[in-house]
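Survey of secondary and tertiary structure
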Amino acid sequence: MVKLHESWLTPLQGEFESPYMGALKQFLTAEKAAGKRIFPPGGEWFHALDATPLENVRVVILGQDPYHGPGQAHGLCFSVRPGVRVPPSLVNIYKELKADLGIDPPNHGCLDAWAERGVLLLNAVLTVEAHRAASHQGKGWERFTDAIIRLVNDREEPVVFILWGSYAQRKASFVDTTKHCVIKSPHPSPLSAHNGFFGSKPFSKANAFLREKGLEPIDWSLPAQA
């Protein structure tokens, strides 16, 4: 069930062995035994950590919950599998990417390329029951993902935290802003995107900070898929 890059495994070992993670595992096992569908599939719960090794993290984007529709979630926040309709929030992210950097949106909603280039696409909660938004909140995932954010925060190398919406901003409120760059704006949801997300230029701001620190900027382009 646990598939994640070894760079995370040792520093998170204490979390995996803790009572709260044991309780979370029991909860998920019971949900499956009751015939409930859980997204994403078990092998992709830690896809964000598997795709982006700890030492490679240059940018962190925080989401809240996985998508709860069939075939959507695959372990990266805001991302969907190839062939799945691009969700509204991601449509708006692509619009801002175009306005900010002139990058045309791809013909899909899969953000694996960003993850492979050092963008940790982390949801606060890593599982959800089918068709029941936020159904796995308060079961222990939030404590686990707080530990992930602390690991990144504790690194010596500067990192950019892109925090869209009040939930992400609260979750990462402890990030050391004397070392890291924190970029805040409203959420890209259609409900709030026009209240300051559009025009916030998170992608160019992130790259400007990385260049200033002598680090490689992120290639935010996404390859087209057949």
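The coordinates are above.
Residues numbered from 1 in each chain as written. Predicted model: local features only at pLDDT ≥ 70, side-chain atom pairs only at ≥ 80, totals over all residues. Heavy atoms only, no water.

Some remarks on the overall build of the protein chain
For the protein chain, the helix and strand inventory stands at nine helices and six strands. A compact globule built from 226 residues should have a C-alpha radius of gyration of about 17 Å, and the protein chain, at 17 Å, falls within 12% of that. By its C-alpha atoms, the protein chain is 50 × 40 × 35 Å across when sized along the principal axes. Counting every position in the protein chain, which comprises 226 residues, the buried fraction comes to 54%. (Helix = DSSP H or I, 4+ residues; strand = E, 2+ residues; numbered from the N terminus. Rg over C-alpha atoms; globule rule 2.2 N^0.38 Å. Buried < 20%, exposed > 50% of the residue type's maximum accessible area, 1.4 Å probe, protein only.)

Section: the nonpolar core
Considering soluble globular proteins, one finds that nonpolar side chains tend to be buried as a cluster. Of all hydrophobic cores here, the largest spans 72 residues; its most connected members are W8, I61, W114, L120, W141, F144 and W220. Residue contacts for F144: discarding those within four places in its chain leaves L12, E15, F16, Y20, M21, F46, L49 and L126. (Core = buried A, V, L, I, M, F, W, Y, C linked by side-chain atoms within 4.5 Å. Contact = heavy atoms within 4.5 Å.)

Comments concerning helix α9 (residues 202-212)
Where α9 is concerned, the buried positions are P202, F203, A206, N207, F209 and L210. Down the axis, α9 shows its buried residues gathered within 160 degrees of arc, on one side only. In α9, those exposed residues whose orientation departs by more than 90 degrees from the buried face are R211 and E212. Where α9 is buried, its residues touch β2 (59-63), α5 (88-101), α6 (112-116), β5 (160-164) and β6 (181-185). Following α9 by one or two positions, G214 adopts a phi angle in the positive range, close to 75 degrees. (Arc of directions from axis to C-beta.)

Structural notes on the packing of helix α3 (residues 19-33) against helix α7 (residues 141-153)
Where α3 contacts α7, the axes come no closer than 9 Å and their chain directions differ by 130 degrees. Taken together, α3 and α7 sit at an angle that is classed as oblique. In terms of crossing hand, the pair formed by α3 and α7 is left-handed. Note on element contacts: α7 touches α3 through W141, R143 and F144, opposite Y20, M21, L24 and L28. Here the contact of α3 with α7 is composed, by residue class, of six nonpolar, no polar and one charged. (Axes fitted to C-alpha atoms, helices over the stretch in contact; angles between N-to-C directions. Parallel < 35°, antiparallel > 145°, perpendicular 65-115°, else oblique. Left-handed = near helix turned anticlockwise from the far one by under 90°. Nonpolar A, V, L, I, M, F, W, Y, C, P; charged D, E, K, R; others polar.)

A short note on the sheet that holds β6
Ordered in space as β3-β2-β5-β6, the four strands form an open sheet in which the pairing is parallel. Unpaired on one side and paired on the other, β3 (119-123) and β6 mark the two borders of the sheet. Strand-to-strand, the axes of this sheet are offset by a mean angle of 20 degrees, without reference to chain direction. Here five bridges tie β5 to β6, and the two strands are oriented parallel to one another. Pairing of L163 across the sheet is with K184, part of β6. (Pairing = 2+ DSSP bridges.)

The values are spatial; any link to function lies outside them.
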